[in-house]
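Report on the structure
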Amino acid sequence: MPVRPAHPALFGQRSGPHVGSIAERLAAVLDRIGRACERSGRAPHSVTLVAVTKQRSVAEIQEVLSAGAVNIGENYVQEALAKHAELGRGPVWHFIGHLQRNKARDAVRLSDWIHSVDSLRLADELSRRAVEQGKRQRVLVEVNVSGEATKSGVAPDQLAALLEGMRSLEGLTVEGLMTMAPWVDDAEQVRPVFAETRRLAERCAAAGLLPQGAHLSMGMSSDFEVAVEEGATLVRVGTAIFGPREAAS
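Thoughts on the pattern of salt bridges
A full pass over the atoms with the stated rule returns 22 salt bridges. Arg89 is paired through a salt bridge with Asp112; the nearest N and O atoms lie 2.7 Å apart. With a gap of 23 residues between them, Arg89 in the loop between helix H3 (77-87) and strand S3 (92-95) and Asp112 in the loop between helix H4 (104-110) and strand S4 (113-117) connect regions that are remote in the sequence. Residue Glu202 pairs with Arg198 through a salt bridge whose shortest N-O separation is 3.8 Å. With Glu202 and Arg198 both in helix H7 (residues 191-206), this residue pair falls four residues apart, about one helical turn. A residue is classified by how much of its surface remains accessible, and Arg198, at 22% relative accessible area, is partly exposed. One network of salt bridges, in which partners are shared, links Arg39, Glu188, Arg191, Arg198, Glu202, Glu229 and Glu230.

Right under this line is the structure:
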């Protein structure tokens, strides 16, 4: 199943910084994506917004879907399974969190896309589970470009070897890369992380390890505009759409 961009009619709608409803916040985020695309000479439909629904209620998810969102992202398999049971196959489901191999079967069953493949052992398990389920699982390889010990992802100097090892896995379609930038007050500080991720993807595509025009999943609520300017094709945005969580932002 291809990534489906959020409804194009939502681009160009402008909202102030203190909008209250999920629909208004969604429109504001899409507007900001559209303007970032304009600044970087890209078409707005080249970027897909993934609404991050971690710790959000089914009612909130239904509200964002009614407002025009199509792609939703979940971080935890058990939470995603419960929501999937209520929402079904309507949305495009992205698994974006750290994934353990013992959750691979369920992750494959519920996910159209898995963003967080970070080892050959995990990739092999996902492929095996996908073959069992009669599907080819679309995946992204997570790269720890920032080098933070607290973040998952393969090191950049090990990326080519991982991609080479994944070439023979019949249950996977490797679509590109994912990264997470450090949390900073000024998004400009993490521009080099996004730029280097793009360069890694370009080098891997030139070597035949990734498709030409590979997807780049990068950018969250605090930095998605900079990520778009550096080539992101998928941005993962939660708080800017749903507002702060009661227990966590």
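Description of the side chain of Ser127
If you trace the backbone, Ser127 turns up in helix H5 (residues 120-132). Residue Ser127 is classed as buried on the basis of its relative accessible area, which comes to 5%. At 2.9 Å, the side chain of Ser127 forms a polar contact with the backbone nitrogen of Gly171.

A look at the layout of surface pockets
What the largest pocket holds in volume is close to 830 Å³. If you go around the largest pocket, you meet 33 residues; those closest to its centre are Val52, Lys54, Asn75, Met180 and Met220. Elements represented by at least two residues in the lining of the largest pocket include exactly H3 and strand S8 (234-237). Tallied by class, residues from the lining of the largest pocket come to 14 nonpolar, 13 polar and six charged.

Things to note about the nonpolar core
In this structure, Ile33, Met166 and Ile241 are the most contacted members of the largest nonpolar core, which totals 64 residues. Here this core takes seven residues from helix H1 (residues 22-39), the largest share from any one element. Once residues within four sequence positions are removed from consideration, Ile241 is found in contact with Ile22, Arg25, Leu26, Val29, Leu49, Ala51 and Val64. Core analysis: the second largest hydrophobic core is formed by seven residues, Val50, Val70, Leu140 and Leu234 among them.

So, the side chain of Asp118
Residue position: Asp118 is located in the loop between S4 and H5. Arg101 is the oppositely charged side chain nearest to the buried, salt-bridge-free Asp118, at an N-O distance of 8.6 Å. Aside from chain neighbours lying at most four places away, what touches Asp118 is His98, Glu142, Ser152, Gly153, Val154 and Leu162.

Let's talk about unusual backbone geometry
Although it is not a glycine, Gln55 sits at a positive phi angle of roughly 60°. Considering the arrangement of structural elements, one finds Gln55 in the loop between strand S1 (48-52) and helix H2 (58-66). Gln55 sits in the partly exposed class, given a relative accessible area of 45%.

The rules behind these values
Residues numbered from 1 in each chain as written. Predicted model: local features only at pLDDT ≥ 70, side-chain atom pairs only at ≥ 80, totals over all residues. Heavy atoms only, no water. Salt bridge = Lys/Arg side-chain N within 4 Å of Asp/Glu carboxyl O. Helix = DSSP H or I, 4+ residues; strand = E, 2+ residues; numbered from the N terminus. Buried < 20%, exposed > 50% of the residue type's maximum accessible area, 1.4 Å probe, protein only. Polar contact = N/O pair within 3.5 Å; in protein donor to acceptor, adjacent residues only side chain to side chain. 1 Å grid on protein atoms, 1.4 Å probe; cavity = no way out; pocket = protein on both sides within 12 Å on 5 of 7 lines; lining within 4 Å. Points joined across faces, edges and corners; volume = space filled by probe spheres on them. Nonpolar A, V, L, I, M, F, W, Y, C, P; charged D, E, K, R; others polar. Core = buried A, V, L, I, M, F, W, Y, C linked by side-chain atoms within 4.5 Å. Contact = heavy atoms within 4.5 Å. Lys, Arg positive; Asp, Glu negative; His and termini not counted.

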